[in-house]
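Listed below are the residues making up each chain.
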Amino acid sequence: MWYLGNFGRWDINNLKKIHYHLIYINYNKLIILRKKSYDSGNKASLAHHLVKKLKGTIDATTFDSSNNSTNLIETSDKSKENNYKFSDTLLLPKTTFSQRAFASVRELEIQDASFKTLYSWQYNRTNVKGTFVLQDGPPFANGDVHLGHAVNKILKDFIVRRKILEGYRVSYIPGWDCHGLPIEIKALQNSEEDAPRDPLQIRRKARSFAQDAVALQKAAFRRWGVIADWDNAYETMNNEYEASQVIAFTEMFEKGHIYQDYKPVYWSPSSRTALAEAELEYVDQHESDSVYVKFPIRCAKDTFLAGLPGDIQNSDIQASLLVWTTTPWTLPGNVALCVNPSASYAIALVAFASRPCKEVWVFMKAQIFDLSRLFASLPSTSRGQCSHGLAAEVSEFVVIGEILGKALVGTTCCHPIFKERESVVLSADHVSSYTGTGIVHANPAHGLEDFYVCTTPDLEGKVLVNDVSSVCYVDDAGKFTDFDSRFSGLDIFKEGTQNIIGMLSGEGLLVKHEIHLHRYPYDWRTKKPVILRSTLQWFCRIGGPLLARALQGIETLLMIPETSKNRLHSMLSARKDWCLSRQRVWGVPIPVFYKNNDKRQPVISRDISQHVAGLFRAHGSDIWWSAEHDDALLPPSRRKEGLIRGTDIMDVWFDSGTSWNAVTESATGSHVADLCVEGSDQHRGWFQSSLLTSVALRGALPFKTILTHGFVLDSEGKKMSKSLGNVVSPNNIINGNPNKNKEAAYGADVLRFWVASSCFTSDLYAGKESFAKSSENVRKLRTSARFLIGVLHDFCIRLHGVSQSNMLTIDRYIMARLHAFQEELNLHYSSYRFQCVVFRMLTFTSYLSSFYFTLLKDRLYAARADGPERRSAQTVLFYCLEVFTEALAPILPHLVEDIYKHAPRPHGKETKASVLMKDWTALPAPTPDREKLLVAGSIIEKLRPLINEKRLASLKNITSNEQLEIRIALSHALKPFLDEFEGKKDELKEALGGASVELSFGLSGSCKTDSLEVELLSGEKLLYSTNISVEKTRMNKCPRCWLYQSTNPKCLCPRCREVLNKKPAP
């Protein structure tokens, strides 16, 4: 039991203060005693009162009144009372360091005392190795924190704290991405009044929502112990940030990287805005209406006719090209059919059961087996049976010819919707043989490949479609425009598609209609399907020199894990031009004006953008909407030119992607960060936007190293979802779940330990069991620290430290192990392998507890306080605590600060505000015989269980090895490793745990031997013979130290007599 101290509480009813004593009992029991039943000034009185309360379970209690951490010694055996006269002569651990963390209270106190000034202190110090820049990819300010935030911010904090320990000045400016549709939508959803339509009103609500989210998230990040430049944290909605973004956009425009065009982009009808690739998420089981459609040939090329049999050429049989599409709503805007010029196309003669006429269908030969299923029965779908079309009537299907795709080029076909129009066959390399019929219908308004095929001049310089807008029949909301009264206002996914399918069937052009399940892009905010739609947008030109320089830069980039480099390279290589414009209001406006209110005549210039940036610095970007006149946004020299401001805003990925320009470069003088740490989803998001803008404006990458982490899943590997009820909140882990009283409040250190112990380069798993295990592991580390602090209560390294050459051999062995352990930890930290750090910390502290701490207790407790043997052990334990503290400082900062406040001062100096500010005592250099010591120590460790086995086999009534006389004979080959122990019987007794130990080298041929495996530092393992014999010692147990070293059971052993300066008993 431990007396933990006393405290007072006010009794409001009686208006007086009542005092209590706090007692800790094993098995995590606490007893609180009120100071009224005994004399509070007399600890013995307290003990007897406690005995009475516990109904005699404690027969005698003595107190060491030297400090508040008094040990209460329990006994119920009257025969042991004689031992207690020696208890106050033992040097038991003394510390006020609590076994329990009391995280809900102590962590906040530690943060207030140690973390507040830590960032500014480290940044302003002058004696540093250099500056380490960690760039923060800003999280969205769109709600409360989740475990993904915790993984990201805590990993960054591990790195920041470790770099501070290594002597670097760290620049880490946290930030938030405050613009964008997610915030705009949530702000409007949370509005109690009708959704506002005025842009300024929407922006005010969105700004207020973002500010609240930033405050909420920042408080959570700081509660997790994250240190950063919180006073200068950036927000993309700040005036200065927005101004720098306007200048960056203009510079990219001037360098030719940004242009305006009317072409297909991802468009979200539910959000009514264009989207970038990074704003999409893909649904694997999306249902699309797919149709096989005939395009009757109106005018065939001679090359096609040459492939037909003679009797077919001279007949009236109708020939058609067979087309498959999953977007029937795009058929009204069809202008062409695309074929692969080098592929083989089959010509099939088709007969029908219900009519005498036959037809010729043309399709890619590679698809003949897939097309055979056209005539099979249709399966049921979630949307019921679909139309069979002509496929249900086919009675004969025979291939009668074969031609190359280039033979079809130039053929014209009848338009399936508008009879007066034609559809021409074009050559296109993007046509594949994987799905469909190998003939692709082209609508340049709704497909990027279609756009390029139809707008690229042919060899004669002719362009098929000059104005793509003429065939774009879909509006912002995903409904047909009034181009035709049959379709006007119909939803393209619903009534519009069904009307088109009905028309095709009525005209005899529908071969088959079925539901196709496939992977399809959705708006990641609204969770609804998107489309490709041509609109007038601003783009960043990805191809050409910009892409080449970006890909070349990736080759020099260090990425962790290494496989992520290939992922980034492949994603960037396949990327199309980046759509930068959005048709919303909560964002940074594109600094563009238009002549005569014509969006085809944009004006972007340096003088205008500089003026706009100045206005943004002074008033914020709201002025773009609040200025009554367009001229108010222009410099005086450009007014009265009839320029009209644009209404588009920039993509939020451009906001966050230029943080290297707005934050890193202005804060450090260089736009290049040493490290970025973000989730693996940023391979298609922030990594690319940062890389592209930096290469475009500075000609170099904005970071040297990228570290990526996975997503957080539940314990079963499922994605966390409110609907599944498996969401784990980091706030509940720290503070407990207010709705579930049984859930423990673990505190921030347990959350941080879970992050460190997870393999973050892949997906992380979170569940009750994982956090309970993390809590138990943190408790074990705390227990080891408590022991180390307690046994060092009377030690100062400056006054009492022992050099390695004067240490006991076993102590020198542990020092060698400690050196190797520290080197291993440094290697793990340098490569960001935090999981390996905590694993080795647990295994090494467990090893020390089970081996070294156990054999040291006699030397620490019973030896002379200032004796060289005890000081030798304390020196090693001091270095263990230093290494232990330094290794855990980045991961468990609250525990380490608590250790630092209670640990003995190594130089007798005052405690600094934080452990990271302290002057660390470095391990002395390894001794020349380090390798020899490591082998010797490993031999000793392997002999201990062999001795134990011998005792259990031959002396079953003996309960411990301390009662044994041990004789060990080893091979002569091992003598060079163990010669340090020759003549040191006391050290051997301690190391091997016997009452006496005799060690010899050389084995007789007649003795029975065991095998002893010895591993050299090279990794080579060798087997040696050994002979071990044990017998019960004739010595008695010393009543003070309990070792079997006394000649008389009532007398002290020689060592204890010397310590107590007592003469031998007569």
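A. Fine view of the side chain of H894. By the element assignment, H894 lies in helix α27 (residues 893–902). The class of H894 is buried, set by a relative accessible area of 2%. Those residues in contact with H894, other than ones at most four positions away along the chain, are E107, I110, Q111, F115, W224, G225, A748 and D749.

B. Quick look at the pattern of salt bridges. Summed over all chains, the structure comprises 55 salt bridges. With a closest N to O distance of 3.0 Å, D484 and R486 form a salt bridge. Classification of R486 as partly exposed rests on a relative accessible area of 38%. A salt bridge links R871 to D794; its shortest N-O distance comes to 4.0 Å. Residue R871 is found in helix α26 (residues 868–888), and its partner D794 is found in the loop between α22 (768–791) and α23 (797–800); the two are separated by 77 residues along the sequence. Taken together, the shared-partner salt bridges connect R106, E109, R782 and D898 into one network.

C. The sheet that holds strand β22 (residues 578–579), seen in detail. Pairing within the open sheet is antiparallel, and its four strands lie in the order β9-β8-β20-β22. Edge positions in the sheet fall to β9 (273–275) and β22, since each of these pairs with one other strand and no more. Pairing of strand β20 (residues 531–540) with β22 involves two bridges; the strand directions are antiparallel. Paired with C540 across the two strands is W578, which belongs to β22.

D. Local environment of the pairing of strand β19 (residues 510–523). Burial analysis of β19 places eleven of its 14 residues in the buried class, the great majority of the element. One ladder, built from twelve bridges, connects strand β10 (residues 280–299) with β19; its direction is antiparallel. Bridge assignment links E287 to a residue of β19, and that residue is L517.

E. Local environment of the sheet that holds strand β35 (residues 1021–1032). Strand order in the open sheet formed by four strands is β33-β32-β35-β34, and the pairing between neighbours is mixed. Only two strands of the sheet have a single partner each, and these edge strands are β33 (996–1001) and β34 (1010–1015). In this sheet, neighbouring strand axes are inclined to one another by 30 degrees on average, regardless of whether the strands run parallel or antiparallel. Of the strand pairs in this sheet, strand β32 (residues 964–970) and β35 are connected by seven bridges, and their pairing is antiparallel.

F. Spatial organisation of the environment of C1053. Checked against the element boundaries, C1053 lands in the loop between β37 (1044–1046) and α31 (1054–1060). Between the alpha carbons of C1053 and R1040 there is a distance of 8.3 Å; along the sequence they are 13 residues apart. Beyond its immediate chain neighbours, meaning those up to four positions away, C1053 contacts C1038, C1041, Q1045 and S1046.

G. Spatial organisation of helix α30 (residues 985–992). For α30, the buried fraction is high: six of the eight residues fall into the buried class. Within α30, burial applies to E987, L988, K989, E990, A991 and L992. In the core, the buried residues of α30 are packed alongside α24 (809–830), α25 (834–862), α28 (930–954), β32, β33 and β37.

H. Representation of the environment of W653 within the structure. Structurally, W653 is set in helix α17 (residues 652–657). Residue W653 is classed as buried on the basis of its relative accessible area, which comes to 9%. For the pair W653 and G180, spaced 473 residues apart in sequence, the C-alpha separation works out to 9.1 Å. Setting aside anything within four residues of it in sequence, one finds W653 in contact with A278, E279, W578, Q682, G685, W686 and S689.

I. Spotlight on the side chain of T411. Residue position: T411 is located in the loop between β15 (394–404) and β16 (412–414). Assessed through its relative accessible area of 0%, T411 is described here as buried. A polar contact of 2.9 Å, which involves the side chain of T411, links it to the backbone oxygen of L408. Filtering out sequence-adjacent residues up to four positions away, T411 remains in contact with I297, C299, A300, K301, S423, V424 and V425.

J. Spotlight on a positive patch on the surface. A cluster of basic residues, R272, K479, K494 and K528, forms a positive patch on the protein surface. Accessibility expressed as a relative area gives 36% for K479, which makes it partly exposed.

Parameters and conventions
- Residues numbered from 1 in each chain as written.
- Predicted model: local features only at pLDDT ≥ 70, side-chain atom pairs only at ≥ 80, totals over all residues.
- Heavy atoms only, no water.
- Helix = DSSP H or I, 4+ residues; strand = E, 2+ residues; numbered from the N terminus.
- Buried < 20%, exposed > 50% of the residue type's maximum accessible area, 1.4 Å probe, protein only.
- Contact = heavy atoms within 4.5 Å.
- Salt bridge = Lys/Arg side-chain N within 4 Å of Asp/Glu carboxyl O.
- Pairing = 2+ DSSP bridges.
- Axes fitted to C-alpha atoms, helices over the stretch in contact; angles between N-to-C directions.
- Polar contact = N/O pair within 3.5 Å; in protein donor to acceptor, adjacent residues only side chain to side chain.
- Patch = residues over 30% accessible without salt bridge, like charges linked within 9 Å, V, L, I, M, F, W, Y side chains within 5 Å.
- Areas by Shrake-Rupley, 256 points an atom, 1.4 Å probe, with all protein chains shown as cover.
- Lys, Arg positive; Asp, Glu negative; His and termini not counted.
- Charge placed at Lys NZ, Arg CZ, Asp CG, Glu CD.

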